[in-house]
Amino acid sequence: MKSIFIDCSLGISGDMLASALLDLDVPNYIFLDNLVSLNIDENYNYKFNEGNSEGIKGIVRTKTKIQFKESPRSLNDIKNLLIDSNLNEYVKKKSIRVFEILAEAEAIVHGKEISDVHFHELGLIDSILDIVNVCSAIDFLKPDKIYFSNPPAGKGIVSTFHGPLPVPVPTVLEIARQNKISLITIEDKYFGEITTPTGIALIATFVDKFGQPDNINIEKIGIGLGSKNISRPNFLRVLLIEIDDDYKDNHKPVCETIISQEAWIDDSTPEDVAILIERLRNAGAIDVVCYSVDMKKNRKGVCIKVIVDKKNQTVLREVWFNYSTTIGIRENNISRWILPRRTVSHKTKFGEVNVKEIIRPNGQISIKIEHKDLTEISLRTNIPIEEIRQKLFIQLSEFYELNEYLY
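What you are looking at is a predicted structure, and each value in this text was computed from that prediction instead of being measured.

Rules used throughout
- Residues numbered from 1 in each chain as written.
- Predicted model: local features only at pLDDT ≥ 70, side-chain atom pairs only at ≥ 80, totals over all residues.
- Heavy atoms only, no water.
- Axes fitted to C-alpha atoms, helices over the stretch in contact; angles between N-to-C directions.
- Helix = DSSP H or I, 4+ residues; strand = E, 2+ residues; numbered from the N terminus.
- Left-handed = near helix turned anticlockwise from the far one by under 90°.
- Contact = heavy atoms within 4.5 Å.
- Nonpolar A, V, L, I, M, F, W, Y, C, P; charged D, E, K, R; others polar.
- Polar contact = N/O pair within 3.5 Å; in protein donor to acceptor, adjacent residues only side chain to side chain.
- Phe/Tyr/Trp six-rings, centres within 6.5 Å; stacked < 30°, edge-to-face > 60°.
- Lys NZ or Arg CZ within 6 Å of the ring centre and 35° of its normal.
- Salt bridge = Lys/Arg side-chain N within 4 Å of Asp/Glu carboxyl O.
- Pairing = 2+ DSSP bridges.
- Core = buried A, V, L, I, M, F, W, Y, C linked by side-chain atoms within 4.5 Å.
- Buried < 20%, exposed > 50% of the residue type's maximum accessible area, 1.4 Å probe, protein only.
- pLDDT = per-residue confidence, 0-100.
- Expected span 1.5 Å × (residues − 1).
- Arc of directions from axis to C-beta.

**Student:** How do you make sense of the packing of helix 1 (residues 14-23) against helix 5 (residues 125-141) when you look at a structure like this?
**Tutor:** How two helices sit against one another is set out by the angle between their axes and by the gap between those axes. Two elements in contact, helix 1 and helix 5, have axes separated by 8 Å at closest approach and are oriented at 30 degrees. Every pair of crossing elements has a handedness; the one defined by helix 1 and helix 5 is left-handed. Contacts between helix 1 and helix 5 pair Gly14, Asp15, Leu17, Ala18 and Leu21 from the former with Asp130, Asn133, Val134, Ala137, Ile138 and Leu141 from the latter. Residue composition of the contact of helix 1 with helix 5, grouped by class: seven nonpolar, two polar and two charged.

**Student:** How should I be thinking about the side chain of serine 13 in this particular structure?
**Tutor:** As for its placement among the helices and strands, serine 13 is situated in the loop between strand 1 (2-7) and helix 1. Engagement of the side chain of serine 13 in a polar contact is seen with the side chain of aspartate 15, the distance being 2.8 Å. Among residues more than four places away in sequence, those in contact with serine 13 are Thr196 and Gly199.

**Student:** What exactly am I supposed to notice about the packing of aromatic side chains here?
**Tutor:** Remark: the centre distance and the inter-plane angle together describe each pair of aromatic rings, the angle taken between the planes. Applying the stated criterion across every chain yields a total of two aromatic pairs. Seen in terms of ring centroids, phenylalanine 31 and phenylalanine 48 are 5.3 Å apart; in terms of plane orientation they differ by 45 degrees. Their pairing is tilted. With phenylalanine 31 in helix 2 (residues 28-37) and phenylalanine 48 in strand 2 (residues 46-53), this residue pair connects regions lying 17 residues apart in the sequence. For lysine 155, the ring lying beneath its charged end belongs to phenylalanine 191, and the centroid distance is 4.8 Å. The cationic tip of arginine 330 hangs over the ring face of tryptophan 264; the distance from NZ or CZ to the ring centre is 5.0 Å.

**Student:** Hey, could you run me through the pattern of salt bridges in this one?
**Tutor:** When their charged atoms lie close together, side chains carrying opposite charge are able to pair. A full pass over the atoms with the stated rule returns 24 salt bridges. The salt bridge involving aspartate 208 is made with lysine 311; its shortest N-O contact spans 3.1 Å. Note that aspartate 208 is positioned in the loop between helix 7 (197-206) and strand 9 (209-210) and lysine 311 in the loop between strand 14 (300-308) and helix 10 (313-323), a separation of 103 residues in sequence. A salt bridge links aspartate 266 to arginine 299; the nearest nitrogen and oxygen atoms lie 3.4 Å apart.

**Student:** What's the story with the sheet that holds strand 12 (residues 254-265) in this structure? I'm lost.
**Tutor:** Whether parallel or antiparallel, the strands of a sheet pair through hydrogen bonds between backbone atoms. Taken together, four strands build an open sheet; the order of strands is 13-14-12-15 and the sheet is antiparallel. Single-partner strands in this sheet number two, and they are strand 13 (287-294) and strand 15 (330-338). Averaged over all adjacent pairs, the angle separating strand axes in this sheet is 30 degrees, with direction ignored. Pairing between strand 12 and strand 15: nine bridges, direction antiparallel. Across the sheet, the residue bridging to glutamate 262 is arginine 330, located in strand 15. Across the sheet, helix 10 lies against strand 12, strand 14 and strand 15, angled at about 10 degrees from strand 12, the strand it touches most.

**Student:** What's the story with the nonpolar core in this structure? I'm lost.
**Tutor:** What tends to happen in soluble globular proteins is that the nonpolar side chains get buried as a cluster. By size, the foremost hydrophobic cluster in this structure holds 65 residues, and its most contacted members are Leu17, Phe99, Leu102, Phe119, Phe148, Leu236 and Val238. Of all hydrophobic cores here, the second largest spans 18 residues; its members include Val273, Leu280, Ile304 and Leu316.

**Student:** I'm lost on the environment of isoleucine 329 in this one. Help?
**Tutor:** Looking at where isoleucine 329 falls in the secondary structure, it is placed in the loop between helix 10 and strand 15. Classification of isoleucine 329 as partly exposed rests on a relative accessible area of 22%. Sequence separation between isoleucine 329 and glycine 55 is 274 residues; the distance between their C-alpha atoms is 54 Å. Discounting residues that sit within four places of it in the chain, isoleucine 329 has contacts with Gln261, Glu262, Ala263, Arg317, Trp320 and Phe321.

**Student:** Just to check I follow, could you spell out the confidence of the model for the chain for this structure?
**Tutor:** Low pLDDT marks stretches whose predicted atomic positions should not be read closely. This prediction gives the chain a mean pLDDT of 88; 93% of its residues lie at or above 70. In the predicted structure, residues 402-407 sits below a pLDDT of 50 and forms 19 contacts with residues beyond four places in sequence or in another chain.

**Student:** Sorry, what's going on with helix 6 (residues 170-178) here?
**Tutor:** Side chains that are three or four residues apart share a direction in an α-helix, a result of its 3.6 residues per turn. Those residues of helix 6 that sit buried are Thr171, Val172, Glu174, Ile175 and Ala176. Looking at the packing, one finds that the buried side of helix 6 touches helix 4 (89-110) and helix 7.

**Student:** Would you take a moment to explain helix 9 (residues 270-282) for this structure?
**Tutor:** Relative to the 18 Å expected for 13 residues at 1.5 Å per residue, helix 9 spans 18 Å between its end C-alpha atoms, a close match to the ideal helical length. Restricting attention to buried positions, one finds in helix 9 the residues Val273, Leu276, Ile277 and Leu280. The buried residues of helix 9 occupy an angular sector of 100 degrees when the element is viewed end-on, so they sit on one face. Of the surrounding elements, those touching the buried residues of helix 9 are strand 12, strand 13, strand 14 and helix 10. Looking one or two residues past helix 9, glycine 284 carries a phi angle of roughly 120 degrees, positive in sign.

**Student:** Before we go on, may I ask you to explain the environment of alanine 283 in this structure?
**Tutor:** Counting through the fold element by element, alanine 283 comes out in the loop between helix 9 and strand 13. A relative accessible area of 12% places alanine 283 in the buried class. As a C-alpha pair, alanine 283 and arginine 317 span 34 residues in sequence and 9.9 Å in three-dimensional space. Those residues in contact with alanine 283 that sit more than four places away from it in its chain are Lys93, Asn312, Val315, Leu316 and Val319.

Rendered as structure tokens:
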């Protein structure tokens, strides 16, 4: 199982993380394509170069002062910029989520509505590019899981658009509070910001688990340098790792806590309900179900239930309240037991197909070929899905024992 571990124990910012991912062998053209997709001049002076921080070699993002003045951008300005771009849907969705996290924190810090929040430093083109580059790099790597070390709090006072602020700055503290991210204290002579709002918003968006996983095989290491000279090594590292033990050696079901959200609706058309369900799925729902219910005054309605990871529950609330007629939702913590599973790709005579592997408590492996791959092959070849499935199972017998097939 390929994953990445982001060691930000010395600090994290958007440019450091983008630089480290580039050093991890994410192709440079990924970042160059982002300039084109965002309709930014390809000559915009935003470059990545080899650098050195107190003896540590890595990649540093540099830019010269722009020749024009940028105005503050609202969340909607940035959303429109991203939505109207040619970025793929994953990168758009994740980039927008980073800015939503920033806006939610800024709104609380400044006592404003989210729609009234305007980004100053965070709304500059280079900040937008840092976030988009990180999202596109992770989209390229497609890790099974993303692990982060806990970021450092830092200390001191920094100058901002709003004047001098204590470190951690209020936005960083608010994001940490909202997302239950523990900030650590390190022995450091440097007084200044080492965990930026962009950096912690990226953590909140992508983290699957905090802490370094056990029993890892390191395949590659990427080093991203900070642009400040702070009289000590100033870097972040990303490890591309292979984790086998958690999957192969652990046959036990795992209990996890997720969120259940539910609404009963009797004033929407079936077409509107269908669109709402699609929006909920696209916003990160693990699954959505819908069934008929009898409501007050003998009205026929529908019950829509969603299960979602905690990190996405706020996003789904916004979908409920912005895109449905409901004026309230029920929300509960629920426990579920899951078996260890992973998705692997196999090259077959029909092309590359994704296969989900599940380990049963008795050690038996169950596999299931992803249905969307079967559908795509069937539409392309005009062969019935069941016939394709059987042919693939025969070919996949090279990788699995036949008696291990369950689907």
